[in-house]
Every structure is written in C-alpha cells, then in structure tokens.
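One letter stands for each residue in the lines below.
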Amino acid sequence: KQWYQRRVRGLVLQLCSHAMTTAKVLKKKPTKLAAKKKQVLRYAITCAPKVADEDIMSFVSVESYLRERIKVNGKLNNLGKDVIIECNDKAVTVTANIPFSKRYLKYLLKMFLKKHGM
C-alpha cells in the first residue's frame with residue numbers, strides 16, 4: 001500500500017493509492033503566526049485650482065509618468081495588485097498595500113516637473 005497526502009479545503013487527507021474508499025482525515029495544525037492588519041497607504045496628488053483651470057498640467061500625463069517610473073521590489077512596471085494608480089478630474093491617487101514612502105513619490109513628482117520645465 002502506498003499512502004499519499006492531499007489538501008482539500010484546509011484539511012489534509014491521507015489516501016491509500018489502491019483503495020480510494022479508505023480515507024483518513026487529519027486535522028490541520030493551527031498556525032502560530034499573528035494575523036497582522038495590512039496597512040493601506042493612500043496618497044493624493046492635487047494642484048492649485050488655477051493650474052487645473054488653465055490646463056498647465058494634465059493629471060493623465062502625471063499618471064502615465066508614475067506608472068512608468070514607480071519601482072516595486074527594485075523593478076519597473078511591477079505594480080501588480082500592490083500599487084494602484086487612479087486618475088480623476090481633480091487628483092491622482094496612489095494606493096499601496098506594501099510599504100511605500102511619501103518621499104519616493106515626492107521625488108518622482110519633482111523629476112516630472114523638472115522634465116516638463118515647470
């Protein structure tokens with residue numbers, strides 16, 4: 001007889017290879033890892049109403065610049081589900097489920113403004 005284990009919905013089933021009718025259910029051991037709350041960081045990038053009214057800067061270009069330049073785990077274009085960038089009429093919102101510094105975002109915005117001569 002050959003026995004093998006299989007996980008089904010959190011339970012470990014121990015099955016015999018020649019007789020599928022005999023199954024032994026083992027309880028899953030509780031893990032001792034403390035469930036930590038995920039810290040969601042949300043940054044909003046806005047500008048003065050006068051700048052938005054005169055179309056000096058468009059939020060769509062800021063959003064595309066951030067999508068191209070933000071690094072996650074040292075890699076470009078690696079946003080995935082960890083970093084979400086949204087754009088609307090009045091602001092660009094960056095939401096991060098991983099540790100993400102405000103200083104890095106400020107650095108990228110400064111580079112954007114320098115690139116466009118503002």
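The structure displayed is predicted, hence computed values, not measured ones.

### Some remarks on helix 2 (residues 59-69)
Step number 1: By the burial criterion, the buried members of helix 2 are Phe59, Val62, Glu63, Tyr65 and Leu66. Down the axis of helix 2, the smallest arc covering the buried residues is 165°, so these residues share one side.
Step number 2: Where helix 2 is buried, its residues contact strand 4 (41-45), strand 7 (83-87), strand 8 (92-96) and helix 3 (102-115).

### Some points on the pattern of salt bridges
Step number 1: For the structure shown, the criterion picks out one salt bridge.
Step number 2: In this structure, the salt-bridge partner of Arg67 is Glu63, at a minimum N-O distance of 3.1 Å. Of this pair, Arg67 and Glu63 are both found in helix 2, four residues apart, which corresponds to roughly one turn of the helix.
Step number 3: Taking relative accessible area as the criterion, Arg67 reaches 36% and is therefore assigned partly exposed.

### Some words on a nonpolar patch on the surface
Step number 1: Taken together, the side chains of Ile56, Leu113 and Met118 define a hydrophobic patch exposed on the protein surface, amounting to about 260 Å² of accessible area.
Step number 2: Inspection of the secondary structure puts Leu113 in helix 3.
Step number 3: Looking at Leu113, the relative accessible area reads 32%, which means it is partly exposed.

### Focus: the nonpolar core
Step number 1: Leu66, Ile70, Ile85, Val94 and Phe100 are the most contacted members of the largest nonpolar core, which totals 21 residues.
Step number 2: Sorting the residues of this core by element identifies strand 4, helix 2, strand 7, strand 8 and helix 3 as the ones contributing at least two each.
Step number 3: Not counting chain neighbours up to four residues away, the residues in contact with Leu66 comprise Ile45, Ile85, Val92, Val94, Leu105 and Leu108.

### A few points about the pairing of strand 4
Step number 1: The alternating pattern of strand 4 places Leu41, Tyr43 and Ile45 on a buried face and Arg42 and Ala44 on a face that is not buried.
Step number 2: Two elements, strand 4 and strand 8, share five bridges in a ladder whose sense is antiparallel. If you follow Ala44 over to strand 8, its bridge partner there is Thr93.

### Examining the confidence of the model for the protein chain
Step number 1: Across the protein chain, pLDDT averages 76, with 69% of residues at or above 70.
Step number 2: Low pLDDT, under 50, characterises residues 12-26; the predicted model gives this stretch 36 contacts beyond four residues in sequence or across chains.

Reading the values: rules and limits
- Residues numbered from 1 in each chain as written.
- Predicted model: local features only at pLDDT ≥ 70, side-chain atom pairs only at ≥ 80, totals over all residues.
- Heavy atoms only, no water.
- Buried < 20%, exposed > 50% of the residue type's maximum accessible area, 1.4 Å probe, protein only.
- Helix = DSSP H or I, 4+ residues; strand = E, 2+ residues; numbered from the N terminus.
- Arc of directions from axis to C-beta.
- Contact = heavy atoms within 4.5 Å.
- Salt bridge = Lys/Arg side-chain N within 4 Å of Asp/Glu carboxyl O.
- Patch = residues over 30% accessible without salt bridge, like charges linked within 9 Å, V, L, I, M, F, W, Y side chains within 5 Å.
- Areas by Shrake-Rupley, 256 points an atom, 1.4 Å probe, with all protein chains shown as cover.
- Core = buried A, V, L, I, M, F, W, Y, C linked by side-chain atoms within 4.5 Å.
- Pairing = 2+ DSSP bridges.
- pLDDT = per-residue confidence, 0-100.

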